[in-house]
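Architecture at a glance
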Amino acid sequence: MIVGIVGLGLIGGSMAIDLKRRGFAEKVLGVEADSLHASAARSIGLADETVSLEECVDRSDIVVVSVPVGAAVGIVCQVLDRFQQAGAKDKIVIDTCSTKEQITLATHYHPCRGQFVSTHPMAGTEYSGPWAAMPNLFDGRACIFANPGESAPKALKTIEDLYDVLNMRPIYMDASQHDVHTAYVSHISHVTSFALALTVLDKEKDEKHIFDLASGGFSSTVRLAKSSADMWVPILTQNRDNVLHVMDTYIEKMQEFRRAIADFDEDAIRGLITDANRIKKIIR
C-alpha cells in the first residue's frame, strides 16, 4: 500500500509515522507547500519522498488530505477530478478536517464521490508543523466517519481498516450533526481559551507578576490558545452558525455566574458549580 499525505503536520505526520511502523503503508509520499516543512518532514522521516500533488495522486493508493479546512475542500475536489481523468476507480481520498458539512456538500455530486471517505480523527495537541508529529497520537481515540453512506463500501472498509491500525474507534455520523457536536466539544473550547489568553495578556500589561502566579489550572485551561490561527480561522468561519449558537449559550452561563457573584449569592454559586460537577459522570 502506498499512502500519500497532503500536509505533514501534527495529524498528517503522526498518521504517517504509525501507518508506516505498523505495516499498513509500505511507502509514504508527502506533499508540502512549505519548503521548510517539506525538508523537515524528509529529515524527520515522516515521508519517504516529497512530491507534487499530481504525482502523489498518481502514485498513491490512498490520498490523505490533512491541511486546514479552508484549503482541504478544493484539494479533495482536485484529487477526485484527477481520479476521474485517469479512470482510477480503485484509488481513495480522505480528509481529516474538523468541519464536515461544507466538504461533503462540495463533493456530493462528483462522479467519483464513492472514492471519497470523509473522516475526522478526534485527536491532537496545540502544536503544529512536522515537528509536532508523534507516534501513538490516535490510540484509543474516536474517529468520525461523516456521511459514510455516500462512500463506496469497498472504500469505506479500506479506511475503516486504516483507522483500526491507528487503534481508533469508529463513529458514524451525518455531516451537519458532526459540525453541531464538534462546536460543543471542541470549537468552543478553543474560542474560550483564546479569549482567556487575551484577557490575561491585557491584564498583564499592568500586572507584571501575573504569569509568575500562573498554576497548572491556568496552564491547562489556556493551553489551546497556542493553536495555529491558520488552522482555526477557517474552522470557525466554516462552522460559524453552530459556533455562534454555542457561544451565546456560553455567554448566558457566564452571565449567570456573574450575577450570582455580584449578588454575594452563595447558594446560586454553589448550585451552578454543583450542576457543572455533573460533567464528572461523562469525563473522567
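Look up a bit, the structure's there.
Let us look at the structure shown here. Quantities reported herein were computed from a predicted structural model and do not represent experimental measurements.

Conventions and cut-offs
- Throughout, residues of each chain are indexed from 1 in the direction in which the sequence is written.
- Residues qualify for local features only when their pLDDT is at least 70, as the model is predicted, and side-chain atom pairs are given and counted only at 80 or more; totals for whole chains, interfaces and linings, by contrast, use all residues.
- Heavy atoms from the whole structure form the basis of all side-chain values; hydrogens and water molecules are not counted.
- Strands here are runs of E lasting at least two residues and helices are runs of H or I lasting at least four, both read from the DSSP assignment and numbered beginning at the N terminus.
- Here the term buried applies to any residue with accessible area under 20% of the maximum for its type, exposed to any over 50%, and partly exposed to those in between, with areas from a 1.4 Å probe on protein chains only.
- Contact between two residues is taken to exist if any of their heavy atoms lie within 4.5 Å; hydrogens are not considered.
- Surface accessibility in these figures is a Shrake-Rupley result with a 1.4 Å probe; residues are shielded only by whichever protein chains are displayed.
- Any carboxyl oxygen of Asp or Glu within 4 Å of a side-chain nitrogen of Lys or Arg constitutes a salt bridge here.
- By this rule, a helix spans an expected 1.5 Å times one less than how many residues it contains.
- Classification of ring pairs rests on two measures: the distance between centres of Phe, Tyr or Trp rings, Trp counted by its six-membered ring, which must be within 6.5 Å, and the angle between planes, read as stacked under 30 degrees, edge-to-face over 60 and tilted in between.
- Any two strands between which DSSP finds at least two bridges are classified as paired.
- For helices, the fitted axis covers only the stretch in contact; all axes are lines through C-alpha atoms, and the angles between them, taken along N-to-C directions, range from 0 to 180 degrees.

This brings us to the overall build of the protein. Across its full length, the protein holds 11 helices and 8 strands. Taking the principal axes of its C-alpha atoms as reference, the protein extends roughly 70 × 40 × 30 Å. The buried share of the protein, taken over its 284 residues, is 42%. A sequence separation of at least 24 residues applies to 73% of the contacts in the protein between residues at least 6 apart. Total accessible area on the protein stands at roughly 15200 Å², and carbon and sulfur atoms take up 55% of it.

This brings us to the pattern of salt bridges. Summed over all chains, the structure comprises 15 salt bridges. Of the charged contacts in the structure, one is a salt bridge between D161 and K157, with a shortest N-O distance of 2.9 Å. Taken together, the residues span about one helical turn, with D161 and K157 both in helix 6 (residues 153–165) at a distance of 4 residues. Given a relative accessible area of 33%, D161 falls into the partly exposed group. In this structure, E256 and K253 form a salt bridge, with 3.6 Å as the shortest nitrogen-oxygen distance. Here K253 and E256 lie together in helix 10 (residues 240–262), a separation of 3 residues that amounts to about one turn. Overall, K253 belongs to the partly exposed group, its relative accessible area being 43%. Residues participating in the shared-partner salt-bridge network are D18, R21, R22 and D139.

Moving on: helix 10. With 23 residues, helix 10 should reach 33 Å at 1.5 Å per residue; the first-to-last C-alpha distance of 32 Å fits that figure. All of the buried residues along helix 10 are N242, V243, V246 and A260. Immediately downstream of helix 10, the backbone of F264 shows phi near 55°, a positive value.

Considering all chains together, one arrives at 2 aromatic pairs under this definition. Here F145 and Y163 contribute two aromatic rings whose centre-to-centre distance is 5.8 Å and whose plane-to-plane angle is 85°, an arrangement assigned as edge-to-face. Taken together, the residues F145 in strand 7 (residues 142–146) and Y163 in helix 6 connect sequence positions 18 residues apart. The residues F145 and Y163 share a single accessibility class, namely buried.

Glancing now at the sheet that holds strand 4 (residues 62–65). Spatial strand order, 3-2-1-4-5-6-7-8: 8 strands in an open sheet with mixed pairing. Each edge of the open sheet is held by one strand with a lone partner, namely strand 3 (49–50) and strand 8 (169–173). Two strands pair when backbone bridges link them, and strand 6 (residues 116–121) and strand 7 are joined in this way by 4 bridges, in the antiparallel orientation. Across the sheet, the residue bridging to T119 is F145, located in strand 7. Where helix 1 (residues 10–21) meets the sheet, it contacts strand 1 (2–6), strand 2 (27–31), strand 4 and strand 6, and its direction lies at approximately 165° from that of strand 1. Those strands touched by helix 7 (residues 175–204) are strand 6, strand 7 and strand 8, and its axis lies near 115° from that of strand 8.

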